[in-house]
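Each chain is listed here by its residues.
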Amino acid sequence: MNDQEQAYLDLLAHVMAHGVERGDRTGTGTRSIFGAQLRFDLRRGFPLITTKRVFFKGIAVELLWLLKGDTNTRFLKEHGVGIWDQWATEDGDLGPIYGAQWRTWRTPDGNVIDQIAEVVQQIRERPESRRHLVTAWNPAVLPDERIGPQQNVEAGHAALASCHAMFQFYVAGGRLSCALFQRSSDLAVGGPFNIAQYSLLTHLIADQCDLGVADFIWMIGDAHIYLNQFGAVKEQLSRQPTHFPTLRLRRKPDTVFDYSLNDFVLEGYNPAASIKIPVAV
């Protein structure tokens, strides 16, 4: 039995049974709890959910896009990934979302901070530091909730407020762990993406710093399931998880920004059939 995926399924079941019904930005409605945590031991396999097929290519391409500091959907669409299309302008612009904050955080004096490059350097030079932290939560660029994503982009703001807001790395025993704080999680659709994507990022940073991997810890503020997802979630909960696959990296490029989709090999992924789950926009 895959007890790590079962913990995720148990969280879904708990929210379904005990969550509070609340309104939300999209007008769809959610059932929600506040405060949850899951832990995945990356030495035991790559945590890609098996009780439904998860779009690993989309996860990997989006991470490469984020690491590029890109905020336009062009790169995603060139690789057949349309997960950001609904929030972008006609030109594909999303405003200063994750990639901009990770790679070009603007300072008051007009300079920029490359948080990813700095955290890799810190891990290499001062592995026991408690400052291996990257934040995507920038109050200066938060969208105005009274207007739509495209209007926010036109006003110079992010199309959406960062959900996965902050993450921290930790080195011990020659291995790298990552803890993500996510202020808001669509558990049924976004949750599996976030688990796998930050686990992949942990592998890449570890590879660049000549470390093994240890744990990915997922901490959530508002953990919710949209009301129109209940049928799909119940179907997923009726399935038994199988073993997680294994991730293998084909090469170690010069920097963490130089990986390509062909560098990632997923072995032994045998999920159940896909489940169509609506996305609230």
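Preceding block: the structure.
The rules behind the values
- By convention here, each chain's residues receive numbers from 1 onward along its written sequence.
- Residue-level local features of this predicted model are given only where pLDDT is at least 70; pairs of side-chain atoms are given and counted only at 80 or more, and the full residue set underlies all totals for whole chains, interfaces and linings.
- Where side-chain values are given, they derive from all heavy atoms of the structure, hydrogens and water being excluded.
- Strands here mean DSSP runs of E at least two residues long; helices mean DSSP runs of H or I at least four residues long; both are numbered from the N terminus.
- Between the two quantities, the radius of gyration covers C-alpha atoms and the globule rule is 2.2 Å times the number of residues to the power 0.38.
- In this scheme, a residue with accessible area under 20% of its type's maximum is buried, one over 50% is exposed, and one in between is partly exposed, where area comes from a 1.4 Å probe on protein chains only.
- Reported accessibility uses the Shrake-Rupley method at a 1.4 Å probe radius. Residues are deemed covered only where the shown protein chains occlude them.
- Any carboxyl oxygen of Asp or Glu within 4 Å of a side-chain nitrogen of Lys or Arg constitutes a salt bridge here.
- Two strands pair under a simple rule: DSSP has to find at least two bridges between them.
- Every axis in this analysis is a line fitted to C-alpha atoms, fitted for helices over the stretch in contact. Angles between the N-to-C directions lie between 0 and 180 degrees.
- Contacts between residues were defined by any pair of non-hydrogen atoms, one from each residue, lying within 4.5 Å.
- By this rule, a helix spans an expected 1.5 Å times one less than how many residues it contains.
- Note that the arc is defined by the directions from the helix axis to the C-beta atoms.
- What qualifies as a polar contact is a pair of N or O atoms within 3.5 Å, subject to a donor-acceptor requirement within protein and to the restriction that residues adjacent in sequence count only when both atoms come from side chains.

Asker: Describe the overall build of the protein, naming the residues involved and giving the relevant values.
Answerer: When helices and strands are counted, the protein shows eight helices and ten strands. Taking 281 residues into account, the globule formula puts the C-alpha radius of gyration at 19 Å, and the protein, at 18 Å, falls close to it. Of all 281 residues assigned to the protein, the portion counted as buried reaches 54%. Of the roughly 13,100 Å² that the protein leaves accessible, carbon and sulfur atoms contribute 48%.

Asker: Please give an account of the pattern of salt bridges that cites residues and values.
Answerer: For the structure shown, the criterion picks out twelve salt bridges. Put simply, Arg-39 and Asp-215 hold a salt bridge, and the shortest N to O gap is 3.1 Å. Within this pair, whereas Arg-39 is found in strand β2 (residues 30–41), its partner Asp-215 is found in strand β8 (residues 212–226), the two being separated by 176 residues in sequence. The salt bridge partner of Arg-239 is Glu-235, with a shortest N-O separation of 2.9 Å. Under the relative-accessibility criterion, Arg-239 is labelled buried at 17%.

Asker: Which residues make up the sheet that holds strand β7 (residues 175–186), and what are the values?
Answerer: Across the sheet, six strands lie side by side as β1-β2-β8-β7-β6-β5; this open sheet has mixed pairing. Whereas interior strands pair on both sides, the edge strands pair on one side only; in this sheet they are β1 (20–22) and β5 (133–135). Neighbour-to-neighbour, the strand axes of this sheet turn through a mean angle of 20°, independent of strand direction. The pairing of β1 with β2 spans three bridges and is antiparallel. By the bridge assignment, Arg-22 is partnered in β2 with Thr-30. On the sheet, helix α7 (residues 190–208) packs against β2, β6 (164–172), β7 and β8 and is oriented at approximately 160° with respect to β8.

Asker: Tell me what's going on with helix α2 (residues 56–67), and back it up with residues and numbers.
Answerer: Its twelve residues place the ends of α2 17 Å apart at the C-alpha level, agreeing with the 16 Å of an ideal helix rising 1.5 Å per residue. Counting buried residues along α2, eleven of its twelve residues qualify, which places the element largely inside the surrounding structure. Listing the buried residues of α2 in full gives Phe-56, Gly-58, Ile-59, Ala-60, Val-61, Glu-62, Leu-63, Leu-64, Trp-65, Leu-66 and Leu-67. Next to the buried residues of α2 lie α3 (74–78), α4 (98–103), α5 (115–125), α7, β9 (246–249) and β10 (264–267). Phi turns positive one or two residues past the end of α2, at Gly-69, with a value near 80°.

Asker: Residue-level account of the pairing of β6, with values.
Answerer: Bridge count for β5 against β6 is three bridges, and the pairing is antiparallel. The partner of Leu-133 across the bridge, within β6, is Gln-168. Two elements, β6 and β7, share eight bridges in a ladder whose sense is antiparallel. The partner of Tyr-170 across the bridge, within β7, is Ser-177. Here β6 folds back onto β7 in antiparallel fashion, the turn holding two residues, of which Gly-173 has a positive phi close to 60°.

Asker: Quick rundown of α5? Include the residues and the values.
Answerer: Buried residues of α5: Gln-115, Ile-116, Val-119, Val-120, Gln-122 and Ile-123, and no others. Projected onto a plane normal to the axis of α5, the buried residues spread over an arc of 160° and lie on a single side. N-cap assignment for α5: the residue whose side-chain oxygen lies 3.3 Å from the backbone N of Ile-116 is Asp-114.

None of this, on its own, says anything about what the molecule does.
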